Amino acid sequence: MAKTAARTMLTPGIHDAYTGNVRRMQDNGATRIGAGGAPAAAWEGQSLVYEVTGEQLLAEPAMREEVFGPFVLLVRLTGADQLREVARGFRGQLSASLHAEVSDHAIAQELLPILERRTGRIVINNFSMPQEVSHASVHTGPFPATSDSRFTSVGMSAIERFHRPFTYQNFPDELLPESLRETNPLHVWRLVDGELTRD
C-alpha cells in the first residue's frame, strides 16, 4: 500500500472534510494499520487503513459515519451474532458488498434482510464501484445516503430526480406542447391509455 501515491481531492472542502473525519476516527480509538504515500501537495488525500473491534464500533456511533475518500475501516468481529448487530447499527448506505464463500451462504441469508433495509444495492464477491450505467443501475439508499430513496443518481432512470409531475387537462391541441398533441407531430414514444405507442 505504501506505493499508492496520494491524489488531489476534488475540492479543498472535500479534502478538509476527509482529514477531519480521519481525525474523528483516531479520536474515537481507531488504530492506523496502513497508509499510502504521504501527501506532497495541498489538497492531496492519503490512502489510509484503520481498524477497530466490534465492541468499539457498537459503543461509538461516530465510528459508523462515512469517511468520504481513500479510507478503509476494518472491524474485527467476534462472530456471526456481532456481525448482525453491527449491520443493524448502520444507517442508510448507497451500496453494500458481501464477500462470501459457499460455506458463508447461511449467514449471508440472515444478513440480506438487514442490509436490504439499509441500502439500495447489494453486491456479492465484488466491489460496488465501478458501476455500469444501465437500465438496472441503482445508486441510492435510505437517508442519509440520499435525501429521497425513490430515485437513483446513476442509470437510465436517474432523470426522474428532475421530473415534476404536471397535467394539461381539457386543452385544445394547438395549446399543448408538440410532444403531447393528439397528432404526435414529433413521433415520440408515448404511453396512451396504458399502451406504448408512436401514433
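All residue numbers here refer to positions counted from 1 along the written sequence of the relevant chain. Local features in this predicted model are restricted to residues of pLDDT 70 or higher, and side-chain atom pairs are both shown and tallied only at a pLDDT of 80 or more, whereas totals for entire chains, interfaces and linings draw on every residue. Side-chain numbers here rest on the full set of heavy atoms in the structure, without hydrogens or water.

1. Topic: the overall build of the protein
Each helix is a run of DSSP H or I of at least 4 residues and each strand a run of E of at least 2, with the numbering of both proceeding from the N terminus. When helices and strands are counted, the protein shows 4 helices and 9 strands. The linear arrangement of helices and strands in the protein, starting from the amino end, is β-α-β-β-β-α-β-α-β-α-β-β-β. We compute the radius of gyration from the C-alpha atoms alone; for a globule the expected value is 2.2 Å times N to the 0.38, where N is the number of residues. Taking 2.2 N^0.38 as the reference for a compact globule, 199 residues should give roughly 16 Å; the C-alpha atoms of the protein span a radius of gyration of 23 Å, well beyond that estimate. Viewed in the frame of its principal axes, the protein has a C-alpha envelope of about 70 × 45 × 30 Å. Burial analysis of the protein (199 residues in total) assigns 28% to the buried set. Relative to all contacts within the protein whose residues are 6 or more apart in sequence, the contacts with residues 24 or more apart total 52%. A 1.4 Å probe and the Shrake-Rupley method give the accessible areas. Residues count as covered only by the protein chains that appear here. Carbon and sulfur atoms form 54% of the exposed surface of the protein, whose accessible area is close to 13600 Å². Only four residue types enter the charge count, namely Lys and Arg as positive and Asp and Glu as negative; His and the chain termini do not. By convention, the charge on Lys lies at NZ, on Arg at CZ, on Asp at CG and on Glu at CD. Each charge sign in the protein was given a centre, from 19 positive and 24 negative side chains, and these centres are 6 Å apart. Burial status follows relative accessibility: with a 1.4 Å probe on protein chains alone, a residue under 20% of its type maximum counts as buried, one over 50% as exposed, and anything between as partly exposed. Between two residues, a contact is recorded if the distance between any of their heavy atoms is within 4.5 Å.

2. Overview of the pattern of salt bridges
Definition used for salt bridges: Asp or Glu carboxyl oxygen within 4 Å of a side-chain nitrogen of Lys or Arg. With the rule as written, the count across this model stands at 5 salt bridges. Close ionic contact of R76 with E51 constitutes a salt bridge, the shortest N to O distance being 2.7 Å. Of the two residues, R76 sits in strand β5 (residues 71–76) while E51 sits in strand β4 (residues 48–53), which places them 25 residues apart along the sequence. One salt-bridge network, held together by shared partners, links D81, R84 and E110.

3. Thoughts on the confidence of the model for the protein
Known as pLDDT, the predictor's per-residue confidence is scaled from 0 to 100. Mean pLDDT over the protein works out to 91, with 99% of the residues at or above the 70 mark. The least confident element of the protein, judged by mean pLDDT, is strand β8 (residues 190–192) at 88; the most confident is β4 at 97.

4. Some thoughts on the environment of A35
Along the chain, A35 turns up in strand β2 (residues 31–35). The class for A35 is partly exposed, based on a relative accessible area of 21%. On a C-alpha basis, the gap between A35 and S95 in space is 25 Å, while along the polypeptide they are 60 residues apart.

5. As for the sheet that holds β2
The pairing criterion is simple: DSSP has to find at least two bridges between the two strands. Read from one edge to the other, the open sheet built from 3 strands follows the order β2-β4-β5, with strand pairing classed as mixed. Only two strands of the sheet have a single partner each, and these edge strands are β2 and β5. Sheet twist, expressed as the average angle between the axes of neighbouring strands with direction ignored, equals 25°. For β4 and β5, the ladder comprises 6 bridges, and the chain directions are parallel. Across the sheet, residue L48 finds its bridge partner in β5, namely F71. Working convention: axes come from line fits to C-alpha atoms, limited for helices to the stretch in contact. Angles between N-to-C directions cover 0 to 180 degrees.

6. Quick look at the side chain of R118
Considering the arrangement of structural elements, one finds R118 in the loop between α4 (105–116) and β7 (122–124). Although R118 is buried, it makes no salt bridge; E116 carries the closest opposite charge, 9.4 Å away. Excluding residues that lie within four positions of it along the chain, R118 makes contacts with A87, R88, F90, R91, G92, Q93 and P142.

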